[in-house]
Amino acid sequence: MSAFDLNISYTYRVQPVSLPVALSVNKTLTINADRLMRRLADLAEVSPIDGGGNCRLALTAQDKLGRDLVMNWMTELGLSITVDTIGNVIGTWDTGSGAPVMTGSHIDTVRTGGRFDGNYGVLAGLEVIETCQTANLELPRPLSVTFFTNEEGARFAPDMLGSLVYAGAMQVEEALDIVAIDGARLGDELRTIGYDGSTPCPGVVPHAFVELHIEQGPILEAEGFVIGAVTGVQGISWQEVVIEGQSNHAGTTPMALRHDAAYIAARLTVFLRELALRYGQHQVCTVGKIDLFPNLVNVVAARATLTLDVRNTDNTVLQKAEQEIADFIKVLASQEEVTISTRQLVRFDPVIFDDRVISLVESIAHDSKLSVKTMPSGAGHDAQMLARVCPSGMIFVPSVKGISHNAAEFTHTADLVAGANVLLQSMIALAHHDFNSQASAS
Ligand code: GLV
Ligand code: MN
Ligand code: MN
């Protein structure tokens, strides 16, 4: 049975959600795999790193080159392009009328980024639009593809910044004043690369948003699934911790008299690891960045600056973890007689996606004979911000060995193509779908 038929009955969900969608389109329509793979390869040529990945930290000259390339492709497809005041770029295929069905993701990367994280979702969105254009589809609504500014948060915190501002959850003025890890002001960097657009934020509220992404974790591959129908995104808490001790001579200072910032950073790092193991389940904790001062072999460290990344799908458990960490920081400060200050960089509650969009992704995958698993996302994504304003969801495809934020990130072509086809069918279905009338049908 097709997801596009009226009165669909689902046998695989306890709470079936029917989408009263009647389509007159060719249900066998598929994306052009070669074109998608060529664009992925071309974008991966922009600022490559050893091992096949990319370094395009947000709003750097490298990010600009990637943006320019994707904007050229949008132009070639005849899309209406807007650049908003936080630098999000939206290409819209003006067909039908009303609010667009939007897809998209990001093309900024972490310093050791893979070629698929974010890029895949953006380029698959372009491919969906080109496929529909080539087939002369007449859709009732426009289709948009977006790349959002600074999804990674690796240079400017918070992550998902562009989509956060797009959704109206942060004022653009506040975002423009954020300072990068290298000291640059976001608004200045945006102007330098020429992406300080004029389209206002918050942006147009889409009819629906669906983002295609690699899983970035090991589950789909390990369990033999091709598609993930993403149920939501876990809560994210980032803090910067600064430990102020006292620099002193490494050879002469008795151990009992030290105020060693490096030692306290190490103890905090171990505490996070052990906390995550103790909590189990969805609890993860990471210390991804430690800077020491003066960072010399024979000097007790005077200062340590480190970041804590703590995530859980359950907000109550996440809050408990945050409280335990805060309490332990007090103990450490008193034991070593150091001063410890903390600054919250990110705090996002867990997000639950729209059940109708989750069901749609599941049903399209089933209909396409693709194995599908409902699962939460461990990584943050722009879709979690769009979920604040419109029905939103995500599609995952497997990551080989679950490796991501690493140049070795890899997804098999067949899976990339399968995911893009599910995105195609999802966007077409959503373009035909009236959420208001569906409320009574679900
Ligand atoms: C974004 O990639 C994140 O940190 O989840
Ligand atoms: Mn991503
Ligand atoms: Mn990422």
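Conventions used here
Residues numbered from 1 in each chain as written. Chains lettered and ligands numbered in written order. Predicted model: local features only at pLDDT ≥ 70, side-chain atom pairs only at ≥ 80, totals over all residues. Heavy atoms only, no water. Near = heavy atom within 4 Å. Polar contact = N/O pair within 3.5 Å; in protein donor to acceptor, adjacent residues only side chain to side chain. Areas by Shrake-Rupley, 256 points an atom, 1.4 Å probe, with all protein chains shown as cover. Nonpolar A, V, L, I, M, F, W, Y, C, P; charged D, E, K, R; others polar. Pairing = 2+ DSSP bridges. Helix = DSSP H or I, 4+ residues; strand = E, 2+ residues; numbered from the N terminus. Axes fitted to C-alpha atoms, helices over the stretch in contact; angles between N-to-C directions. Contact = heavy atoms within 4.5 Å. Donors = N, O, S within 2.8 Å, 3.2 Å for Na, K, Ca; no water. Buried < 20%, exposed > 50% of the residue type's maximum accessible area, 1.4 Å probe, protein only. Expected span 1.5 Å × (residues − 1). Arc of directions from axis to C-beta. pLDDT = per-residue confidence, 0-100. Phe/Tyr/Trp six-rings, centres within 6.5 Å; stacked < 30°, edge-to-face > 60°.

Neighbouring ligand 1 are Glu151, Glu152, Asp159, Trp238, Arg311, Ala379, Gly380 and His405. Between ligand 1 and the protein, one listed contact pairs an oxygen atom with a side-chain N or O atom of Arg311 at 2.8 Å. In this structure, His405 approaches ligand 1 through a side-chain N or O atom, which is 3.3 Å from an oxygen atom. Burial of ligand 1 by the protein chains amounts to 95% of its free accessible area of 200 Å². Classifying every residue of the shell around ligand 1 gives two nonpolar, two polar and four charged.

Moving on, we get to the sheet that holds strand β13 (residues 303-312). Strand order in the open sheet made by the four strands is β11-β13-β9-β14, with antiparallel pairing throughout. The sheet is open, and its two edges are formed by β11 (284-293) and β14 (339-348), each paired on a single side. Sheet twist, expressed as the average angle between the axes of neighbouring strands with direction ignored, equals 15°. Sheet topology places β11 next to β13; eight bridges connect them, and they run antiparallel. Of the residues in β13, the one forming a bridge with Lys289 is Thr307. Relative to the sheet, helix α9 (residues 315-336) contacts β9 (235-244), β13 and β14, its axis offset from that of β14 by approximately 165°.

Note on the manganese ion (ligand 2): its protein donors are His106 (NE2), Asp117 (OD) and His213 (NE2). The metal-donor distances range over 2.0 to 2.3 Å. Motif for the manganese ion (ligand 2), donor spacing along one chain: H-x10-D-x95-H. His106 gets classed as buried once you look at its relative accessible area, which sits at 0%. Residue class for Asp117 comes out buried when judged on its relative accessible area of 4%.

Let us look at the coordination of the manganese ion (ligand 3). Only Asp117 (OD), Glu152 (OE), Glu152 (OE) and His405 (NE2) from the protein coordinate the manganese ion (ligand 3), and they sit 2.1 to 2.4 Å from it. All donors of the manganese ion (ligand 3) belong to a single chain; written as a sequence motif, their spacing is D-x34-E-x252-H. Distance-wise, the manganese ion (ligand 2) is placed 3.6 Å from the manganese ion (ligand 3), both being coordinated by Asp117. Taken together, the positions of Asp117 in the loop between β5 (101-105) and α3 (119-134) and Glu152 in the loop between β6 (143-147) and α4 (161-166) put the pair 35 residues apart, joining distant regions of the chain. For the pair Asp117 and Glu152, one class covers both residues: buried.

Turning our attention to helix α2 (residues 61-76). Compared with an ideal rise of 1.5 Å per residue, which puts 16 residues at 22 Å, α2 spans 23 Å between its outermost C-alpha atoms and is within 8% of the ideal. Where α2 is concerned, the buried positions are Asp63, Gly66, Arg67, Val70, Trp73 and Met74. Seen along its axis, α2 keeps its buried residues to an arc of 120°; they face one direction. Exposed residues pointing more than 90 degrees away from the buried face of α2 are listed as Ala61, Leu65, Thr75 and Glu76. Considering only its buried residues, α2 is in contact with α1 (33-44), β3 (80-83), β4 (89-93), α3 and β6.

Moving on: helix α10 (residues 355-367). Spanning 13 residues, α10 covers 18 Å between terminal C-alpha atoms, matching the ideal 18 Å at 1.5 Å per step. Every buried residue of α10 is accounted for by Val357, Ile358, Ser359, Leu360, Val361, Glu362, Ser363, Ile364 and Ala365. Positive phi shows up at Lys369, right after α10, with a value of about 60°.

This part is about the confidence of the model for the chain. Here the chain averages 93 in pLDDT, while 93% of its residues score no lower than 70. Low pLDDT, under 50, characterises residues 1-18; the stretch is placed with 50 contacts to residues that sit more than four places away or in other chains. In the model, residues 20-25 has pLDDT below 50 throughout and makes 18 contacts with residues more than four positions away in sequence or in other chains.

In this section: the packing of aromatic side chains. The geometry of an aromatic ring pair is captured by the separation of the ring centres together with the interplanar angle, meaning the angle of the planes. Applying the stated criterion across every chain yields a total of four aromatic pairs. For the pair Phe116 and Phe410, a centre-to-centre distance of 6.3 Å together with 70° between the ring planes defines the contact as edge-to-face. Taken together, the residues span a long stretch of sequence, with Phe116 in the loop between β5 and α3 and Phe410 in the loop between β17 (392-397) and α12 (413-432) at a distance of 294 residues. Judged by its relative accessible area of 4%, Phe116 falls in the buried class.

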